[in-house]
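Coordinates in review
Okay, here's what each chain looks like letter by letter:
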Amino acid sequence: QVQLVESGGGLVQAGGSLRLSCAASGRTFSGYSMGWFRQAPGKEREFVAAIRWSGGSTYYADSVKGRFTISRDNAKNTVYLQMNSLKPEDTAVYYCAVSHLFVAVTTSKYDYWGQGTQVTVSS
């Protein structure tokens, strides 16, 4: 059973930084991709970033490019999302997810989801 546990959310002022972590367990993830999504109140869940577990290629939504960085630690089975220059519009619940596909940027392509962690950016 795949389990994903996010942590690192919180309240931060605009311009600040946060680092989210996603600890994954339950299988080996070689050949899979890991993604971060977010969902603001009243909005659909949207893609933020993804990384291929093997090789480490990364993909970003245009809205976060240059501000967010996704990375992984194979030894710890953990994926990170470093978020810099945060804006109030980044406020959302952030979810990590696993896809059996080599790369995926849509929610329907992801098989397992974490419980989410709240990120609130004040102006």
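Structure first, text after, so check above.
Residues numbered from 1 in each chain as written. Predicted model: local features only at pLDDT ≥ 70, side-chain atom pairs only at ≥ 80, totals over all residues. Heavy atoms only, no water.

Right, let's talk about the overall build of the protein chain for a bit. Regarding its fold elements, the protein chain presents zero helices and eleven strands. Tracing the protein chain from N to C terminus, the helices and strands come up as β-β-β-β-β-β-β-β-β-β-β. What you see for the protein chain is a C-alpha radius of gyration of 13 Å, in line with the 14 Å of a compact globule of 123 residues. Taken across its 123 residues, the protein chain has 42% of its residues classed as buried. Across the protein chain, every contact between residues at least 6 apart in sequence was considered, and the portion connecting residues at least 24 apart equals 56%. Surface exposure of the protein chain reaches about 6100 Å², of which carbon and sulfur atoms provide 47%. (Helix = DSSP H or I, 4+ residues; strand = E, 2+ residues; numbered from the N terminus. Rg over C-alpha atoms; globule rule 2.2 N^0.38 Å. Buried < 20%, exposed > 50% of the residue type's maximum accessible area, 1.4 Å probe, protein only. Contact = heavy atoms within 4.5 Å. Areas by Shrake-Rupley, 256 points an atom, 1.4 Å probe, with all protein chains shown as cover.)

Before going further, it helps to spend a moment on the environment of Trp113. In this fold, Trp113 is placed in strand E10 (residues 112–113). On the basis of relative accessible area, Trp113 is assigned to the partly exposed category, the value being 28%. In this structure the C-alpha to C-alpha distance between Trp113 and Tyr60, which are 53 residues apart in sequence, comes to 18 Å.

With that settled, consider the pairing of strand E7 (residues 68–73). Residues in a regular strand point their side chains to alternate faces of the sheet. Bridging between E7 and strand E8 (residues 78–83) involves six bridges; their strand directions are antiparallel. Paired with Phe68 across the bridge in E8 is Met83. The antiparallel hairpin formed by E7 and E8 contains four residues in its connecting segment, where Asn77 sits at a positive phi of about 55°. (Pairing = 2+ DSSP bridges.)

Mapped onto the fold, Ser33 is located in strand E4 (residues 33–39). Side-chain polar atoms of Ser33 contact the backbone oxygen of Leu101, separated by 3.1 Å. In this structure, Ser33 is in contact with Ile51, Arg52, Trp53, Ala97, Val98, Ser99, Leu101, Phe102, Val103, Ala104 and Tyr110, ignoring residues within four places of it in sequence. (Polar contact = N/O pair within 3.5 Å; in protein donor to acceptor, adjacent residues only side chain to side chain.)

Glancing now at the packing of aromatic side chains. The final tally for this structure, using the stated rule, is seven aromatic pairs. Ring centres of Phe29 and Tyr32 lie 6.2 Å apart, and the angle between their planes is 80°; on these two criteria the pair is classed as edge-to-face. For Phe29, a relative accessible area of 1% gives the class buried. Their ring planes at 80° and their centres at 6.5 Å tell us that Tyr95 and Trp113 sit as a pair that is edge-to-face. In this pair, Tyr95 is assigned in strand E9 (residues 92–99) and Trp113 in strand E10, connecting sequence segments 18 residues apart. According to the relative accessible area criterion, Tyr95 is buried, its value standing at 13%. (Phe/Tyr/Trp six-rings, centres within 6.5 Å; stacked < 30°, edge-to-face > 60°.)

One pass over the full model with this rule turns up four salt bridges. In this structure, Arg38 and Asp90 form a salt bridge, with 2.9 Å as the shortest nitrogen-oxygen distance. Highlighted residues: Arg38 in strand E4 and Asp90 in the loop between E8 and E9, separated in sequence by 52 residues. On the accessibility criterion, Arg38 (5% relative accessible area) is buried. (Salt bridge = Lys/Arg side-chain N within 4 Å of Asp/Glu carboxyl O.)

To continue, consider the nonpolar core. As a rule of thumb, soluble globular proteins bury nonpolar side chains together. Counting 35 residues, the largest nonpolar core has Met34, Trp36, Leu81, Met83 and Tyr94 as the members making the most contacts within it. Among the secondary structure elements, those contributing two or more residues to this core are strand E3 (18–25), E4, strand E5 (46–52), E7, E8, E9 and strand E11 (117–122). The residues touching Leu81, leaving out its near neighbours within four places in the chain, are Leu18, Arg19, Leu20, Trp36, Val48, Ala49, Phe68, Thr69, Ile70 and Tyr94. (Core = buried A, V, L, I, M, F, W, Y, C linked by side-chain atoms within 4.5 Å.)

In short, shape yes, function no, at least from these values alone.
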